[in-house]
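# Observations on chain architecture
Listed below are the residues making up each chain.
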Amino acid sequence: MRRSAILLMCVAAIALVAAKAFAVDRNFAGSIQLDYLFVPTEHGNLNAGEDVGTYGFDGFTIEAAEKLSVDVSNHLSANVKVCFGCHGFELDMAYVDYRVADEFNLRAGRFSPSFGSFNLRHDVGNYKFSDKPLPYDMGRMLRMRTWNMGVIPSPFPDNGVEVNGSHWFGDSTEIDYAVYAVMGFKSTDTHPHDLRFDESRMPYYVDDNARPTVGARVALTQKLGGLSDVTIGASGMYGTYDRNNQLTYAILGGDVSFRIRRTSIRMEYLVRRTEMDTTDATDFALPVASPGKDAFTKQGAYIEIEQPLSASVDLLGRVDGLYRIGNYLKPEDEDDVVPLARRSSILRYSLGGSYAFERGFRMKLSTELWQFSDRDEDGHRIDVGVHAAFVGTY
Amino acid sequence: MTERPSERTWRPSGAKLVPWVFVALVVSTILVVACSGGRGEGVDVAALPEDVRPEYQLFSVRCSKCHSLARPLQSGITDDAYWAIYVERMRRQPSSGIAPSDVPPILAFLHYFSQEQLARRGGS
């Protein structure tokens, strides 16, 4: 409650300051999505168990966001965004941009560093499925605890600085870039074995080690005609995540997006290599190959298409998946089954639609077929999920 | 070592049809609503003057790459100077695909749209 109150007070204070500033432009925007996830192939309540949400989050979830943008001058602007989700309020953005030219913009504050193409559309009002692609999942996937979500959650707001910019070569070719240094992901565990995404959203927004995570992105957009274009991008991020700066993580990504009139086709591939502390070999399910330190890799990819069928209806299709290679923690109770192996995979096939009742109010409907390489304790390797959501933007 | 449940414990006969039943439900629902019309998030092209339609077409493609058309059309902005700043900010977004030469026709449509909005407000 205290954290929520502080965040709300920050937004209110910034809004008041913005009102008094000699701002050229102020823009307030928001979005609200209520999503219902039903998994009919599972018995009982997925949210039950010793650790709530062990398997997934079926039932209603809400995601809401309020954003204020202020153009203080031709060169200086500020953005503040607060979102509300499963874990309460989160400061998604609080940064200033100082733009010297289109090719050079300095960003400082709290923001999601430039990585991949999905991140720019991470708001629920900007994508038409109810949930995010698996590589960017942050809690809506089945077996989320076992897999520790996707490759990198989106959004992943962090404190730091970024220099970015873009340049057009004529009217048909655009290149943009970004380089940044941020706090990076964390784990304050005694023997860290993976990134602790929950610690990135904790109210104590302070790094657990003194070494920043660095990263970069470059993308090329080429017009294919008057109303079509293609964007090809590459991203990378590298840093340490433990207190002693001994364990590294490196994330690489590549993306291709086609825009052919109103049809969008998007593909992304991400891979993360994460070192883990294997000092205590008894923590692990498999024999520890290298005492002291080992690593696992997690790959993720998706391909999706959005095809407008009419002014108000879009047809959506997506195939996404995750592939993990490496050791993993064994369960605390020997009778429990951990649905992982040295090589494990998830494939998900989604089909859906989006219907705009009117401008700013949509219904999202989709169904998902999940295929897991490993059986859970009920023997499942296949599940079905159904999403129904309403989203409003203003 | 715990014996794993057999496939039989969760997959009764006919259960393999479950995914396809849901796919069929979703597809049929989409087709039904697709045929039912609806206002959509953009502008009714048929109601636009002929000379504004190409500008709207460009706006509707360029300005829906990262977000829905509801974002700009619901923003409440009716001032041309504000639009110029707004569109410039969007043009500078990474991989926006909005070339400098796209800006004048997009602004021309937004000017038309703003005038319509102002006229509607004045008339209500």
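Residues numbered from 1 in each chain as written. Chains lettered and ligands numbered in written order. Predicted model: local features only at pLDDT ≥ 70, side-chain atom pairs only at ≥ 80, totals over all residues.

### Here's the deal with the interface of chain B and chain A
The test is simple: Contact between residues is assigned whenever the C-beta positions, reconstructed from backbone atoms, fall within 7 Å. Helix and strand labels come from DSSP, where a helix needs a run of H or I of at least four residues and a strand needs a run of E of at least two; each type is numbered from the N terminus. Gly counts as polar in this scheme, as do all residues outside two lists: the nonpolar Ala, Val, Leu, Ile, Met, Phe, Trp, Tyr, Cys and Pro, and the charged Asp, Glu, Lys and Arg.
Taken together, the 44 residues of chain B in the interface contact 58 residues of chain A. Where the side of chain B that touches chain A is concerned, the elements lending two or more residues are helix 1 (18-35), helix 2 (53-62), helix 3 (70-73) and helix 4 (80-91) of chain B. By residue number, the principal contributor to the side of chain B that touches chain A is helix 1 of chain B, which donates 9 residues. In the side of chain B that touches chain A, the residues fall into 20 nonpolar, 17 polar and 7 charged.

### Quick look at the pairing of strand 9 (residues 228-240) of chain A
All names here are of chain A. Operational definition: The criterion for strand pairing is that DSSP finds at least two bridges linking the strands in question.
Examined bridge by bridge, strand 8 (residues 213-225) and strand 9 share 11 bridges and lie antiparallel to one another. If you follow T221 over to strand 9, its bridge partner there is T231. Hairpin connection of strand 8 to strand 9: 2 residues between the antiparallel strands. In terms of strand pairing, strand 9 meets strand 10 (residues 248-260) through 13 bridges, oriented antiparallel. In the strand pairing of strand 10, S228 is matched with I260.

### A word on helix 4 of chain B
Residues and elements named next belong to chain B. For the record, the criterion: Expected span, for any helix, means 1.5 Å times one less than how many residues it has. Counting other C-beta atoms within 10 Å of a residue's C-beta gives its exposure: the residue is buried at 20 or more, exposed at 12 or fewer, and partly exposed in between, where C-beta atoms are placed from the backbone. Throughout, the arc means that of the directions going from the helix axis to the C-beta atoms.
The end-to-end C-alpha separation of helix 4 is 16 Å, in line with the 16 Å expected for 12 residues at 1.5 Å each. Taken residue by residue, helix 4 has W83, Y86, V87 and R91 as its buried positions. Around the axis of helix 4, the buried residues are gathered within 135 degrees of arc, so they sit on the same side.

### A closer look at the confidence of the model for chain B
As a general rule, the predicted coordinates of low-pLDDT regions are not to be interpreted in detail. Residues and elements named next belong to chain B. Here is the rule we go by: The pLDDT score gives, residue by residue, the confidence of the prediction method on a 0 to 100 scale.
Scored by pLDDT, chain B has a mean of 79; 67% of the residues are at 70 or more. Confidence scores differ between elements of chain B, with helix 1 showing the lowest mean pLDDT of 63 and helix 2 the highest of 94. Scored below 50 in pLDDT, residues 1-14 makes 13 contacts in the model with residues more than four places away or belonging to other chains. Note on the complex model: pTM 0.87, ipTM 0.83.

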